[in-house]
Amino acid sequence: MSAEMQFLVSGLTIGAIYALAALGFTLIYNASGVINFAQGEFIMIGGMLTAVLSGLGLPLWLALVLAVAGAALVGMLLQRLALDRARGAPVVSLVIITIGASIFLRGLAQLLWGKQFRPLPAFSGEQPLHLLGATLVPQTLWVMGVSALLMLALGLFFSRTLSGKAVLATAINAAAARLSGIDTRSVLLACFALSAALGAIGGALIAPITAASYEMGLMLGIKGFVAAVLGGLGVSAGAVAGGLLLGVAETLAAGYLSSAYKDAVAFALIFVVLFFLPNGLFGQRASERV
Amino acid sequence: MKRISLTLSVLLGLGLTAATQAAEPIRIGSVLSVSGPAAFLGDPELKTLQLYVERLNAAGGLLGRPLELVHYDDAGEAAKANTFVKRLIASDKVDVILGGTTTGATMAAVPLVEKAQLPFISFAGAVVIVDPVKPWVFKTPHTDRMACEKVFADMHKRGLLRVALLSETSGFGKSGHDQCVDVAPAQGVSIVVDETYGAKDTDMSAQLTKVRGSDAQAVLVFGLGQSPAIVTKNYRQLGIELPLYQSHGVASKEFLALAGAAAEGVRLPSPALLVADKLADSDPQKAVVTGYTAAYTQKFGGEVSTFGGYAYDGLMLWADAVKRAGSVEADKVRAALEATRGYVGASGVVNMSPSDHMGLDASAFRMLEVRDGGWTLVD
Amino acid sequence: MKLLDSRYGGLLLLAAGLLLLPWLAGNAYLLDVANRIAINAIIAVGLNLLIGYAGQISLGHAGFLGLGAYASAILCGSYDWPAWLALLSAAAGVALLAFLVARPILRLKGHYLAMATLGLGMIVSLVLSNESALTGGPDGMAVPGLVLFGWEPQGERAWYWIFATLLLLAIWLAQNLIDSPLGRALRAVHGSEVAARVAGVDTTACKVQVFVISAVFAAIAGSLSAHYTGFVTPGQASFLHSVELVTMVVIGGMASTYGAVLGAALMTLLPQLLSGLEDYEMLVFGLILMVSMIVLPQGLLPGLRGWLQTRRAA
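Residues numbered from 1 in each chain as written. Chains lettered and ligands numbered in written order. Predicted model: local features only at pLDDT ≥ 70, side-chain atom pairs only at ≥ 80, totals over all residues. Heavy atoms only, no water.

### Some details on the overall build of chain B
What chain B contains, in helices and strands, is twelve helices and 14 strands. For 379 residues, the compact-globule estimate of 2.2 N^0.38 gives 21 Å, and the C-alpha radius of gyration of chain B, at 21 Å, lies within 12% of that figure. Structurally, chain B occupies a C-alpha span of about 65 × 60 × 40 Å along its principal axes. Long-range pairs, those at least 24 residues apart, make up 67% of the contacts in chain B between residues at least 6 apart in sequence. A total accessible area of about 12800 Å² is found for chain B, and carbon and sulfur atoms account for 54% of it. With 36 positive and 40 negative side-chain charges, chain B shows a spacing of 4 Å between the two charge centroids. (Helix = DSSP H or I, 4+ residues; strand = E, 2+ residues; numbered from the N terminus. Rg over C-alpha atoms; globule rule 2.2 N^0.38 Å. Contact = heavy atoms within 4.5 Å. Areas by Shrake-Rupley, 256 points an atom, 1.4 Å probe, with all protein chains shown as cover. Lys, Arg positive; Asp, Glu negative; His and termini not counted. Charge placed at Lys NZ, Arg CZ, Asp CG, Glu CD.)

Structure, rendered in C-alpha cells:
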C-alpha cells in the first residue's frame with residue numbers, strides 16, 4: 001500500500017507542474033492557434049529568477065513575485081516584438097519563431113545566470129510528513145496546493161469575468177470577437193502574460209525540489225505539450241487532467257515496469273489515447289470548416 | 001542560389017583563415033561541451049584551459065613559441081564534435097587536440113585523430129576510451145571502473161555485501177553501471193537491486209521505494225549533475241537509513257549546495273583536488289592541487305571542480321611531453337606522452353606506458369564522506 | 001530566379017554549383033561542411049514533401065534518421081552484413097514501420113499528428129539509448145566504413161561526390177513526385193482535405209505514401225551519414241534534431257524544394273559561422289531564427305523571390 005501511495009504522491013507532484021505548463025500551452029493555443037515552444041523557458045525563467053534573486057538575499061515571496069512579473073514581461077515582449085509582427089504568417093512559421101525565442105531565452109539565461117545549477121530553499125522546511133504510508137516533503141504540498149488554487153482561479157476567470165469571456169470569444173472566433181468590440185490584440189497580449197506567469201509559478205514551485213538551471217525548461221516544456229495534447233488541445237480541464245495523468249503514469253511505470261522506459265511508457269500512452277480518442281481525452285470533435 | 005553558396009563559402013573561408021598571421025604559435029585545439037546538458041563539466045574545463053594557456057604564455061610559452069588555444073563548443077552532441085575535430089585538423093592545423101568532455105564526443109573524435117595521427121587527450125570518463133589502447137588517444141580522468149572498485153572495496157570493508165545500484169541513463173551512468181556490474185563479483189559484493197533514472201528526472205522516489213523494499217545493505221548512485229542530488233534528497237525524505245554512496249561524478253561543491261543537509265554522511269570516491277586543504281603536507285599532490293585551486297578561484301571566483309582538474313592535467317601532461325620531446329612533432333609528442341612517468345597532477349600521479357594511456361592507479365581516488373557540509377577524508 | 005521555376009533549370013544550376021564547389025572549398029573541413037549540408041538537404045527535401053505539400057508536420061523524423069543510422073551501424077558492425085544490403089534493409093524496414101504507423105497517425109489532424117510523430121521519435125531515441133547491448137547506449141557506437149562491392153570512399157572528397165549525386169537524385173525524385181498525380185492530389189489535400197475527399201481523392205492513402213517516402217529519405221541519409229562519420233549516437237534521433245529538421249524546411253520556404261535545400265544549408269552553416277561567439281552563440285542563433293521568420297514569414301526562398309519580383313516591377 002505504501003508503495004502505491006508513494007507513487008501516487010510523487011506522480012501528482014510532477015503532474016501538477018506538467019498541468020501548469022499544459023495550461024500555458026492551452027491559453028496561447030486558444031488565443032492564437034500557435035503551439036508556443038518557448039513555454040518551457042517561462043518555467044525556467046520562473047525557477048532561475050526566483051533562485052537568483054533569493055540568492056541575492058531578497059525574501060522568498062518578493063523574489064517569487066518579481067520572477068513571475070519578469071516572466072510575464074518576457075511573455076508580453078515575445079508576443080509584441082515577435083509574434084505580433086509576423087501576423088498573417090503561416091502558423092508553422094509562428095511556431096518556428098517560438099522555437100527561436102526558446103533558444104534565444106536559453107542563451108540569454110545562460111549568459112546572465114551561468115550554467116551551474118542553482119538551489120532554492122524549500123518554502124517551508126524539509127521535514128518530511130507521513131501520509132497513509134507515503135512520505136512527502138512540505139514542498140509537495142505547496143506544488144499541489146498552489147497549482148490547484150491557480151486552476152480554480154483560472155476556471156472562475158473564464159466563467160465569471162468579462163475579460164475571461166473576451167478571451168474565450170477570441171479563441172472561438174477572433175473575427176467575430178473583433179466585430180463585437182473586443183480588442184483581440186490586447187487579449188492576445190494578456191494570454192501571453194498569463195501563460196508565462198503560470199509557467200513561471202510552476203518553475204518556482206519545482207525549483208526547491210529539482211534545483212534550477214538554464215536547461216530545466218526543455219524537458220518540462222515537452223511534457224507540458226504532451227499533457228496538453230493528451231487532455232485535448234485547447235481544453236483547460238483537459239490540460240489539468242492530462243498533466244496529472246502523465247505524471248502518475250510516469251511514476252507508476254518507473255515503479256512497476258522499467259525506470260529506463262518510463263518516458264517511453266508516457267509516449268506509448270499518447271498513442272493509445274490518440275488511437276481511441278483522436279481529439280484527446282476531453283477534446284470536442286470539431287467539425288471542419290470547408 | 002549559386003551566388004549565395006559562393007558568398008557563404010567565401011565568408012566561411014575568410015573566417016577561417018583570418019587568425020594565422022602571428023609568429024608561428026603552437027596551436028592547441030579543443031572541443032568541449034561548453035553548452036548543453038554537459039555544460040557544468042565543459043565550462044570549468046574550458047576556463048582551466050584558457051587560464052593555463054595564458055599562464056604558460058606569460059612564462060614564455062613552450063620551446064620559445066607562444067601557445068594559441070582554438071576552441072569549439074560541441075553542445076554535448078557527438079556529431080558536432082566530429083565536425084569540429086575535422087575543422088581543427090584540416091583548417092586550424094592544430095598540434096594537439098584536448099577534450100571531448102563526454103565519452104560520446106570523444107569516441108566520435110577517435111577515428112579522426114587516429115587517421116590524422118595527432119595526439120589527443122580526452123577528459124571523459126569511460127574505460128572504452130583507453131581500453132583497448134589506441135596509439136594516439138590518451139585520457140586524464142580515472143575510469144568509472146576504478147570508481148566502482150573503490151566504492152565496493154569500501155563497502156566490503158564495512159561488511160556491506162548486498163548493494164542496490166541506481167544509475168543514470170546518461171552515457172556516464174550507463175558506462176558506470178556496466179563497469180560496476182562487471183567488477184562487483186571480484187570485489188565480493190552482489191548487486192541485488194538494479195534501477196535507473198533519467199538525467200532530467202525530477203523525482204526518484206519510485207525507484208527508491210523499490211530499494212527500500214529490498215534486502216540491500218548499501219546503495220550506490222552513479223550519475224552526474226543535479227539528479228544525484230535529487231536522489232540524495234528523496235533518499236532522506238523516504239527515511240532510508242542504509243549507507244549511501246555516490247560516484248566521482250558528483251565530486252564538486254555544487255553537489256553539497258544542491259543536496260544540502262541531505263548530503264550528510266554520503267560517501268564518494270574523489271580525486272585529491274576536492275580536499276586540497278585537508279591533505280597531509282607530505283602528500284605529493286598537495287602543492288599541485290593547492291596551486292590549481294588558488295589560481296582558478298582567484299581568476300574566476302567560485303569553487304574548483306574535479307572536472308577542471310582533468311583539463312589541467314590534460315594540458316600539463318601535453319606541455320610536459322612537448323618539453324621532453326623538444327618538439328611538437330606529432331610522433332615525438334606521442335612517444336613522450338606514452339613515456340610519462342611520475343607526473344604529479346590534479347587527479348593523481350600519472351605513469352603512462354604503451355599498454356596504459358591513462359596512467360592512474362587506485363591510489364588516485366580518495367574516499368570522502370560529507371560531514372558538517374564539507375568533505376572529510378575517510379581512508 | 002526564373003530558371004528555378006522551370007522543371008530542370010534549377011537542377012542544372014545546382015548541379016553546376018555542386019561541380020564547382022570542391023574547387024572553391026578545397027580543404028577537408030569545408031568539404032565536410034558541404035557534405036553535412038547535403039545530408040541535411042536530402043532529409044529536408046523529403047520532409048518538405050510531407051510538410052510543404054501534404055501539410056502534415058512531423059516532429060519525429062530524426063527517429064527515422066536514427067533508425068537508418070543504427071541499422072547500418074549494427075548490421076555492418078556487429079553482423080558483418082555488406083553495406084548495400086544494410087542500407088537497403090534499413091530503408092525497407094523504415095518504410096515498413098512508417099507504413100504501419102502512418103494510418104493511425106495520419107488519421108489525426110494538426111497538432112495531434114505532430115504529437116504522435118513526436119512520441120514515435122521519442123520512443124525510437126529511448127530504445128536506442130537504453131538497449132546498450134545492441135546500440136552501445138547513450139555513448140553511441142562505431143560504424144565501419146562504407147564498402148560498396150570492394151570500393152570504399154576515402155576522405156571527404158570521395159564522399160562529397162556521393163552526397164552531391166544523391167542530393168540531385170533526391171531533388172529530381174521530389175520534383176517528379178510533385179508533378180505526378182500524387183503530387184496534385186496532395187496539393188488538393190493541403191488546400192482543403194474535405195473538398196479533395198469529395199472530389200474522389202483517397203486522402204489518407206496519399207498522405208501515407210508521402211509519409212513513407214519522406215521517412216525513407218531520412219533513413220537513407222541517416223544510414224550513409226553513419227558510415228561517413230564512422231560513429232552514431234542516440235542524439236541523432238532526438239526530439240531536438242527533429243525540430244531542427246522541421247526548422248530547415250520552414251525557414252527555407254515551405255512547398256519549395258530548393259527552399260528546403262537552402263534551409264538545410266543555413267541551419268548547418270550557422271553553428272559553424274557562429275562558433276567564435278562562444279557564450280553568445282545560442283543567443284544570436286535564436287535571434288537569427290526569429291528575425292528571419294518575422295521578416296520573411298513565407299521562408300527565405302519564397303521571400304527572396306517575392307522581393308526580387310517587386311523590385312523588378314518597380
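### Topic: the overall build of chain A
When helices and strands are tallied, chain A shows eleven helices and two strands. For a compact globule of 290 residues, the expected C-alpha radius of gyration is about 19 Å, and chain A comes in at 19 Å, within 12% of that figure. Along the longest, intermediate and shortest principal axes, the C-alpha atoms of chain A span 55 × 50 × 35 Å. Looking at the 290 residues of chain A, the share that counts as buried comes to 60%. For chain A, the accessible area works out to roughly 11000 Å², and carbon and sulfur atoms hold 70% of it. (Buried < 20%, exposed > 50% of the residue type's maximum accessible area, 1.4 Å probe, protein only.)

### Comments concerning the UniProt feature "transmembrane region" (unreviewed entry) in chain A
Residue and element names in this part refer to chain A. UniProt feature "transmembrane region" (unreviewed entry): in the numbering of this structure it lies at residues 7-29, 49-78, 90-109, 129-155, 162-181, 187-212, 224-249 and 264-282. As annotated, residues 162-181 has a helix share of 85% and a strand share of 0%, and its two end C-alpha atoms lie 12 Å apart. Here residues 187-212 runs as 92% helix and 0% strand, with 31 Å between its end C-alpha atoms. (UniProt positions renumbered as here; feature names shortened; annotations may be inferred.)

### Describing the interface of chain B and chain A
The partner chain A presents 31 residues to the 29 residues of chain B that form the contact. Of the roughly 2400 Å² buried where chain B meets chain A, counting both sides, 56% is carbon and sulfur surface. Of all residues in chain B, B:Lys200, B:Thr202 and B:Gln237 bury the most surface against chain A, accounting for 23% of the area lost on that side. Here chain B and chain A share two salt bridges between them. Between A:Lys115 and B:Asp43 there is a salt bridge whose closest N-O contact spans 3.4 Å. On inspection of chain B and its partner chain A, the count reaches seven residue pairs in polar contact (both at pLDDT 80 or more). The element best represented in the side of chain B that touches chain A is helix α7 (residues 205-212) of chain B, accounting for six residues. (Buried area = accessible area lost by both parts, 1.4 Å probe. Salt bridge = Lys/Arg side-chain N within 4 Å of Asp/Glu carboxyl O. Polar contact = N/O pair within 3.5 Å; in protein donor to acceptor, adjacent residues only side chain to side chain.)

### Section: the interface of chain C and chain A
Taken together, the contact between chain C and chain A spans 42 residues of the former and 48 residues of the latter. When chain C packs against chain A, close to 4000 Å² is buried across both sides, 80% of that on carbon and sulfur atoms. The largest share of the area that chain C buries against chain A comes from C:His111, C:Tyr112 and C:Met282, three residues that together contribute 18% of it. Remark: the boundary between chain C and chain A carries two residue pairs in polar contact (both at pLDDT 80 or more). For the side of chain C that touches chain A, the secondary-structure elements that each account for two or more residues are α5 (83-106), α6 (110-130), α12 (239-252) and α14 (281-295) of chain C. For the side of chain C that touches chain A, the class distribution of residues is 31 nonpolar, seven polar and four charged. (Nonpolar A, V, L, I, M, F, W, Y, C, P; charged D, E, K, R; others polar.)

### With respect to the sheet that holds strand β4 (residues 120-122) of chain B
All names here are of chain B. The strand order across the open sheet built from five strands is β2-β1-β3-β4-β5, with neighbouring strands paired in parallel fashion. Because the sheet does not close on itself, it has two edges, and the strands there are β2 (67-73) and β5 (137-139). Shown here is a sheet whose adjacent strand axes are inclined to one another by a mean of 20 degrees, direction ignored. Pairing of strand β1 (residues 26-32) with strand β3 (residues 96-99) involves four bridges; the strand directions are parallel. Residue pairing for β3: Ile28 is matched across the bridge by Val96. Relative to the sheet, helix α4 (residues 103-116) contacts β3, β4 and β5, its axis offset from that of β4 by approximately 170 degrees. (Pairing = 2+ DSSP bridges. Axes fitted to C-alpha atoms, helices over the stretch in contact; angles between N-to-C directions.)

### A few points about the layout of surface pockets
Within this model, the second largest pocket holds a volume of roughly 670 Å³. If you list the elements that add at least two residues to the lining of the second largest pocket, you get α2 (39-55) and α4 (91-113) of chain A together with α2 (39-58), α9 (253-259) and α10 (286-300) of chain B. If you tally residues by element for the lining of the second largest pocket, the top one is α2(B), at five residues. Taken together, the residues of the lining of the second largest pocket break down into 13 nonpolar, eight polar and eight charged. (1 Å grid on protein atoms, 1.4 Å probe; cavity = no way out; pocket = protein on both sides within 12 Å on 5 of 7 lines; lining within 4 Å. Points joined across faces, edges and corners; volume = space filled by probe spheres on them.)

### Considering the packing of aromatic side chains
Residue and element names in this part refer to chain B. Evaluated as defined, the whole model comprises 22 aromatic pairs over all chains. In this structure an aromatic cluster arises from ring pairing among Tyr52, Tyr292, Tyr296, Phe300 and Tyr312. Positioned above the aromatic ring of Trp136, the side-chain terminus of Arg334 is 5.7 Å from the ring centre. (Phe/Tyr/Trp six-rings, centres within 6.5 Å; stacked < 30°, edge-to-face > 60°. Lys NZ or Arg CZ within 6 Å of the ring centre and 35° of its normal.)

### Some words on the packing of α4(A) against α14(C)
Interhelical geometry of α4(A) versus α14(C) gives an angle of 155 degrees and a closest axis separation of 7 Å. On the basis of their axis angle, the class for α4(A) and α14(C) is roughly antiparallel. Classified by chirality, the crossing of α14(C) by α4(A) is left-handed. Taken together, the residues of the contact of α4(A) with α14(C) sort by class into 16 nonpolar, five polar and one charged. (Parallel < 35°, antiparallel > 145°, perpendicular 65-115°, else oblique. Left-handed = near helix turned anticlockwise from the far one by under 90°.)

### Points about the nonpolar core
With 190 residues, the main nonpolar core has A:Ile97, C:Leu59, C:Met115 and C:Leu118 as its most contacted residues. Beyond its immediate sequence surroundings of up to four residues, C:Leu59 is in contact with A:Phe37, A:Phe225, C:Ala114, C:Thr117, C:Leu118, C:Phe239, C:Ser242, C:Val243 and C:Val246. In this structure, B:Leu49, B:Val94, B:Ala109 and B:Phe172 belong to the second largest nonpolar core, which totals 130 residues. (Core = buried A, V, L, I, M, F, W, Y, C linked by side-chain atoms within 4.5 Å.)

### A closer look at helix α15 (residues 300-313) of chain C
All names here are of chain C. Under the 1.5 Å per step criterion, the end-to-end length of α15 is 20 Å for 14 residues, consistent within 8% with the ideal 20 Å. Regarding α15, the residues found buried are Leu300, Leu301 and Gly303. Down the axis of α15, the buried set is contained in an arc of 165 degrees. They therefore lie on one face. Opposite the buried face of α15, by more than 90 degrees, sit the exposed residues Thr310, Arg312 and Ala313. Contact partners of the buried residues in α15: α12 and α13 (257-273). (Expected span 1.5 Å × (residues − 1). Arc of directions from axis to C-beta.)

### A few points about the pattern of salt bridges
Counted under the stated rule, the structure contains 29 salt bridges over all chains. For A:Glu250, the salt bridge is made with A:Lys262, and the minimal N-O distance between the two is 3.9 Å. Highlighted residues: A:Glu250 in helix α10 (residues 236-257) and A:Lys262 in helix α11 (residues 262-276), separated in sequence by twelve residues. Between B:Glu369 and B:Arg267 there is a salt bridge; the shortest N-O distance is 2.7 Å. Here B:Glu369 is found in strand β13 (residues 366-371), whereas its partner B:Arg267 is found in strand β10 (residues 267-270), with 102 residues between them in sequence. By sharing partners, the salt bridges in this structure join A:Lys223, A:Glu250, A:Lys262, A:Asp263 and B:Asp201 into a single network.

### A word on the pairing of β2(B)
A large share of β2(B) lies buried, amounting to five of its seven residues. Read from β1(B) through α2(B) to β2(B), the crossover connection turns out right-handed. (Right-handed = clockwise from strand over helix to strand, strands pointing away.)

### Some words on the UniProt feature "domain: Leucine-binding protein" (unreviewed entry) in chain B
Under the UniProt annotation, "domain: Leucine-binding protein" (unreviewed entry) lies at residues 25-371 of chain B. The distance from the first to the last C-alpha atom of residues 25-371 of chain B is 47 Å, and the span holds 41% helix and 18% strand.

### As for helix α5 (residues 138-160) of chain A
Residues and elements named next belong to chain A. Between its first and last C-alpha atoms α5 spans 32 Å; for 23 residues at 1.5 Å apiece the expected length is 33 Å, and the two agree. For α5, the full list of buried residues reads Pro138, Gln139, Thr140, Val143, Ser147, Met151, Leu154 and Phe158. Taken together, the buried residues of α5 touch α1 (2-32), β2 (134-136), α6 (162-172), α8 (184-210) and α10.

### Considerations on the domain arrangement of chain B
For interface size, the figure often reported is the accessible area lost on association. Residue and element names in this part refer to chain B. If you check the domain split of chain B, you get domain 1 (21-142 + 291-363) and domain 2 (144-270). On a C-alpha basis, the centres of domain 1 and domain 2 stand 29 Å from each other. On the side of domain 2, 14 residues touch domain 1, which itself brings 15 residues to the contact. Summing both sides of the interface, domain 1 and domain 2 together bury roughly 1100 Å²; the carbon and sulfur share of this comes to 67%. At the boundary of domain 1 and domain 2, one finds one salt bridge. Salt-bridge contacts for Glu303 lead to Lys253; the nearest nitrogen and oxygen are separated by 3.8 Å. In this assembly, domain 1 and domain 2 are joined by one residue pair in polar contact (both at pLDDT 80 or more). Listing elements by their share of the side of domain 1 that touches domain 2, those giving two or more residues are α2 and α11 (306-325). Tallying contributions element by element places α11 first for the side of domain 1 that touches domain 2, with three residues. (Domains from an automatic or database assignment.)

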